[in-house]
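# An overview of the molecular structure
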Amino acid sequence: MPSFHGQVVLTSSMFPLVHFVNRMEASCLELALEGERLCKVGDFKGGAAFFEAAVELGTEDLKTLSAIYSQLGNAYFYLKEYAKALEYHRHDLTLARTIGDRIGEGKASGNLGNTLKVLGRYDEAVMFCQRHLDISREQGDKVGEARALYNIGNVLHAKGKQQVWGCTQDPGDLSPDVRDTLQRATQFYEMNLSLVKELGDKAAQGRAFGNLGNTHYLLGNFVEAIKFHRERLSIAKEFGDKAAERRAYSNLGNALIFLGQFHTATEYYRKTLQLSHQLKDQVMEAQACYSLGNTYTLLQEYDRAIDYHLKHLLIAQELSDRVGEGRACWSLGNAYVSLGNHRQALHYSRKHLEISREIGDRNGELTARMNVEQLMAALGMTEGDLSSCGSEFEAQGARPKFNKRSSTGNVDLWKYTSEKVTQPCLCPACLICLQQAGSPLPIMSVTEILGNNISSMHSRRDPSDEDCFFDLLSKFQSSRMDDQRCNLNEQQKWEKRQAATAPLSQGDPCSLISSPQTEEFFDLIASSQSRRLDDQRASVGNLPGLRITQNNLGHLRGEADPQEPSDDFFNMLIKCQSSRIDDQRCSPPDPGPRAPTVPDEDFFSLIQRVQAKRMDEQRVFLPSDEQDETNSDPATPPSGDSS
């Protein structure tokens, strides 16, 4: 990060911003130094205010202004005001290129890449980070090269993780393009690791080990992931970095789950919980409780699973995480079904249904409704009985009492999959209305919905209703097309006036092209297009805070020198344009709201498979006509510590 130290030394007694502004002798550099000091102590909002004041005051020192742009962009990045961060990092890039500062250009490109990554514009982010890498190698800047390699790995890892998030498959079950993205991320992390080892940067080695572990986890290489996370844990302990140590414990637990080592995973999750409590990080504490609850469910220790799910529920309520509350209630309902306590399971299933309706979780609502109906049938209850049974449950969040374990044969353990959830029947008109309103569609392809509904539409709808629908659709589409047409009335009036004043020769069709009016028209188009292009060009004169004087004019004139663009420029332009086209494509459906108290590396699908397998093992095989009941194969007993 650019620094101002070494240029001016300020006293330790700093004044508020208003005092700086009111002092006539306050310079742009002094304001920037105070902004830097505030950012270093974590006051990014105050620091940004001082930097903005420095820009408002202005300076003729191009190096100072470039550093202000960079620090202001970083301050807005930490404040999560990414549009402003992009704006100032672009100013920094423009100024660095103008004054020929190659190192500054590389750093500005890296900052732009990091900001674009957070915005999900991964292809553009890779382009700018690659530019940072190329410049660092050109200048022999090993530290910058290592940082650029790390940043490219981060962008590719984030892109791959975003593509697999919300999918039901386990880590490693990836499409070829996602697998390729994540494998490229490991290559850049390995190059970064090799370079930081050469530089002797142990802290950077720890970060590389951690990210290599995370990427191999997504690729399904759990043994490799554990190896890297153990290296990360060792370095975190060496530096006393408790937050990194907590992350390493949690990541080790996640990988061990998929190797079937549930008991060892619980040890790491308990250490995660302990460190989260020490760090006073409630979000991570809730995630550790959630992971412990799920792990004890896999171990069939349902009493302990309920304890941790209740702790997760309490923290989710404190943090107003309704999505997390719904997941906790759903997990509690599953655990109580496993214990045979259907009344408590019904209580939490109803809470799950209520929360799913509130947050608009369509799949969660359908699943919860199905669970409630199954439990009511098992208990022999009706809708009228629900209001009277509410007082029997203890206060929400308290440790509920449960009955002696009984058979789970009456109620199936529930699966949160589309196979078990009845899909609503939607006609094409309903689909169009949902899309226009921005509502989420059911997890069912349009082809399936149309195929399932066309026959039923013909059977139950009058043909005239269908004609009305298509008439309405045609009118709606035609009105949208009309909105895009230009009005010809003014053009016709102009042509009549021109015909009256300067009639064209009837025998020479080429006169349409060579007429003065036509040439004026083309000149008008050319001038308009050129103005549009000029508007898109970066102009140093438009940079905020820049005072152009005789001292810096010589540096700024260099931007007007004609220079033939290189092949790298055109390749970069093509990549940028392709990413813009991708931005205009329809995005995939939203996988649903995220819950801060539920970890991203959720292994709930593993629980579903294990529970489904155990339910199958408890079912009775009915004798066939040719085979006696005594010849049926005995059920295989459930395993204890494996999936």
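The shown structure was predicted, so the numbers you read here are calculated from the model rather than taken from an experiment. (Residues numbered from 1 in each chain as written. Predicted model: local features only at pLDDT ≥ 70, side-chain atom pairs only at ≥ 80, totals over all residues. Heavy atoms only, no water.)

## A look at the overall build of the protein
Along its length, the protein carries 28 helices and 0 strands. Intrachain contacts of the protein at a sequence separation of at least 6 include 63% that bridge at least 24 residues. Of the roughly 35800 Å² of accessible surface on the protein, a fraction of 51% belongs to carbon and sulfur atoms. (Helix = DSSP H or I, 4+ residues; strand = E, 2+ residues; numbered from the N terminus. Contact = heavy atoms within 4.5 Å. Areas by Shrake-Rupley, 256 points an atom, 1.4 Å probe, with all protein chains shown as cover.)

## A closer look at the UniProt feature "repeat: TPR" (unreviewed entry) in the protein
The sites that UniProt annotates as "repeat: TPR" (unreviewed entry) are residues 66-99 and 246-279. As annotated, residues 66-99 comprises 88% helix and 0% strand, and the C-alpha atoms at either end are separated by 10 Å. For residues 246-279, the end-to-end C-alpha separation is 9 Å, with 85% helix and 0% strand making up the annotated structure. (UniProt positions renumbered as here; feature names shortened; annotations may be inferred.)

## Section: the nonpolar core
Residues Tyr 217 and Ile 257 are the most contacted members of the largest nonpolar core, which totals 32 residues. When residues of this core are traced back to their parent elements, those giving at least two are α9 (176-199), α10 (202-218), α11 (222-239), α12 (242-257), α13 (262-278), α14 (282-298) and α15 (302-318). By size, the runner-up hydrophobic cluster in this structure holds 31 residues, among which are Tyr 122, Ala 125, Met 127 and Cys 129. (Core = buried A, V, L, I, M, F, W, Y, C linked by side-chain atoms within 4.5 Å. Buried < 20%, exposed > 50% of the residue type's maximum accessible area, 1.4 Å probe, protein only.)

## What about helix α7 (residues 122-139)?
Helical geometry note: an α-helix holds 3.6 residues per turn, so side chains three or four residues apart project in the same direction. With 18 residues, α7 ought to run about 26 Å at 1.5 Å a step, and its terminal C-alpha atoms sit 26 Å apart, in line with that. Of the residues making up α7, those classed as buried are Tyr 122, Glu 124, Ala 125, Val 126, Met 127, Phe 128, Cys 129, His 132, Leu 133, Ile 135 and Ser 136. Where α7 terminates, the next one or two residues include Gly 140, which has phi positive at roughly 70°. (Expected span 1.5 Å × (residues − 1).)

## A closer look at the environment of Ala 53
Mapped onto the fold, Ala 53 is located in helix α3 (residues 44-57). As for Ala 53 and Ala 32, which are separated by 21 residues in sequence, their C-alpha atoms are 8.3 Å apart.

## Regarding the environment of Leu 233
Note that Leu 233 resides in helix α11. According to the relative accessible area criterion, Leu 233 is buried, its value standing at 10%. Each C-alpha atom, one on Leu 233 and one on Arg 246, is 8.5 Å from the other, the two residues being 13 residues apart in sequence. Not counting residues up to four positions away in its chain, the partners in contact with Leu 233 are Glu 245, Ala 248, Tyr 249 and Leu 252.

## A short note on the packing of α9 against α10
One way to put it is that α9 packs onto α10 with a least axis distance of 9 Å and a crossing angle of 160°. Put simply, α9 runs roughly antiparallel to α10. With respect to the hand of their crossing, α9 and α10 are arranged in left-handed fashion. Where α9 abuts α10, its residues Leu 182, Ala 185, Thr 186, Tyr 189, Glu 190, Asn 192, Leu 193, Val 196 and Lys 197 lie against Ala 204, Gln 205, Ala 208, Phe 209, Asn 211, Leu 212, Thr 215, His 216 and Leu 218. Residues of the contact of α9 with α10, tallied by class, amount to 10 nonpolar, 6 polar and 2 charged. (Axes fitted to C-alpha atoms, helices over the stretch in contact; angles between N-to-C directions. Parallel < 35°, antiparallel > 145°, perpendicular 65-115°, else oblique. Left-handed = near helix turned anticlockwise from the far one by under 90°. Nonpolar A, V, L, I, M, F, W, Y, C, P; charged D, E, K, R; others polar.)

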